[in-house]
Amino acid sequence: MKSIQRDKLVSFLDDGLCLSEFSQDESANGLQVEGSSTVQKIGLAVDACEYVFKEAAQKKMDFLFVHHGLIWGGLRSLSGVVRSRIKALLDSDISLYACHLPLDWHPKYGNNAELLRLLSIRKMGEFGKYHGKNISYWGRTAKELSLDEFTAQIDKALETRSSVVSFNKKVRNVGVVSGGGWFAINEAEKYNIDTFLTGEPSHSAYTLAEEMKVNLVFAGHYATETLGVKAVGDMLKKKFGVAAEFIDHPTGL
Ligand SMILES: [Zn+2]
């Protein structure tokens, strides 16, 4: 297996994932913790946390790419869990790279583009405005489906168990936002959406969906957000010939 210079990898990711377009993101996207200057093995995970850091150290990884990093809206103090997490990375010389909203949005490697692809939904347009920028898409299924058929497809593709609220609509025009995307239900009418798919269940979405008659499918925050990091791992393997492996740490939520 080949190795790559950390700085080269970081600038490749910064450019390729268009980080500069998401300056509004609370996540400090990009390199958050600097580890080894040479990268031989890359780990990819949804969350930056103790379990993932231990696995990465054990597997002799020197670079971790995550969707949910450690630095959000400015770090105020290195104490408690934050201190332990950062110490674990520094002790094992592992870099941490975070990519939040750009990885939801990215048209090729993003969580939402991957969701559409996996579910054979044809992309029709942008969707899910968050901090002034669309981070997702809405699209059309190849044929009309019952909500049960659609949910079965999702559960199989994502190895999850969705919770569903039906408002008796057939599934054709689907709005998708990975993770905690309930806010996008507000755009359902604009795009004539009959079914809204996001990760985390939200009470707040219910009455809006009820009055707009839009089915709700909550497929899990974690389950909808493993896709982007996996796609980035596959791309890095192909592009640089480095070892890259997904570290699975499902929350069931
Ligand atoms: Zn998320």
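Everything here concerns the structure above.
All values derive from a computational prediction rather than experimental measurement.

Participant: Break down the coordination of the zinc ion for me, with residues and values.
Facilitator: Each protein donor to the zinc ion is listed here as His68 (NE2), His221 (NE2) and Glu225 (OE); together their distances run 2.1 to 2.2 Å. Mapped onto the polypeptide sequence, the residues donating to the zinc ion form the spacing pattern H-x152-H-x3-E. Of this pair, histidine 68 sits in strand 5 (residues 63-68) while histidine 221 is found in helix 8 (residues 221-224), placing the two residues 153 residues apart along the sequence. The exposure classification of histidine 68 matches that of histidine 221, with both residues buried.

Participant: How would you sum up the packing of helix 5 (residues 111-118) against helix 9 (residues 226-240)? Please name residues and give values.
Facilitator: Look at helix 5 against helix 9: their axes get within 7 Å of each other, and the N-to-C directions meet at 95°. Here helix 9 runs roughly perpendicular to helix 5, going by the angle between their axes. Where helix 5 abuts helix 9, its residues Asn111, Glu114, Leu115 and Leu118 lie against Thr226, Leu227, Gly228, Val229 and Ala231. Tallied by class, the residues present in the contact of helix 5 with helix 9 amount to five nonpolar, three polar and one charged.

Participant: Account for the packing of helix 1 (residues 6-16) against helix 9, with residues named and values stated.
Facilitator: Taken N-terminus to C-terminus, the directions of helix 1 and helix 9 make an angle of 125°; their axes are 13 Å apart at the nearest point. With respect to their mutual orientation, helix 1 and helix 9 come out oblique. The handedness of the crossing between helix 1 and helix 9 is right-handed. Contacts from Lys8, Leu9, Phe12 and Leu13 of helix 1 reach helix 9 at Val232, Met235, Leu236, Lys239 and Phe240.

Participant: Go over the sheet that holds strand 9 (residues 163-165) with me, naming the residues and quoting the values.
Facilitator: Spatial strand order, 7-8-10-11-12-9: six strands in an open sheet with mixed pairing. The sheet is open, and its two edges are formed by strand 7 (121-130) and strand 9, each paired on a single side. Along the sheet, successive strands turn relative to each other by an average axial angle of 25°, direction set aside. The sheet contact formed by strand 7 and strand 8 (residues 133-145) spans eight bridges and is antiparallel. Its bridge partner being in strand 8, isoleucine 121 is matched across the sheet by threonine 141.

Participant: With reference to specific residues and values, describe the sheet that holds strand 2 (residues 30-33).
Facilitator: The sheet built from five strands is open, its strands ordered 2-6-5-4-13 with mixed pairing. The two strands at the open ends of the sheet, each matched to only one other strand, are strand 2 and strand 13 (243-246). Adjacent strand axes in the sheet meet at a mean angle of 30° when their direction is disregarded. Where strand 2 and strand 6 (residues 95-98) come together, three bridges link them in antiparallel fashion. Across the sheet, valine 33 pairs through a bridge with leucine 96, a residue of strand 6. Where helix 9 meets the sheet, it contacts strand 4 (41-47), strand 5 and strand 13, and its direction lies at approximately 170° from that of strand 4.

The rules behind each value
Residues numbered from 1 in each chain as written. Predicted model: local features only at pLDDT ≥ 70, side-chain atom pairs only at ≥ 80, totals over all residues. Heavy atoms only, no water. Donors = N, O, S within 2.8 Å, 3.2 Å for Na, K, Ca; no water. Helix = DSSP H or I, 4+ residues; strand = E, 2+ residues; numbered from the N terminus. Buried < 20%, exposed > 50% of the residue type's maximum accessible area, 1.4 Å probe, protein only. Axes fitted to C-alpha atoms, helices over the stretch in contact; angles between N-to-C directions. Parallel < 35°, antiparallel > 145°, perpendicular 65-115°, else oblique. Contact = heavy atoms within 4.5 Å. Nonpolar A, V, L, I, M, F, W, Y, C, P; charged D, E, K, R; others polar. Left-handed = near helix turned anticlockwise from the far one by under 90°. Pairing = 2+ DSSP bridges.

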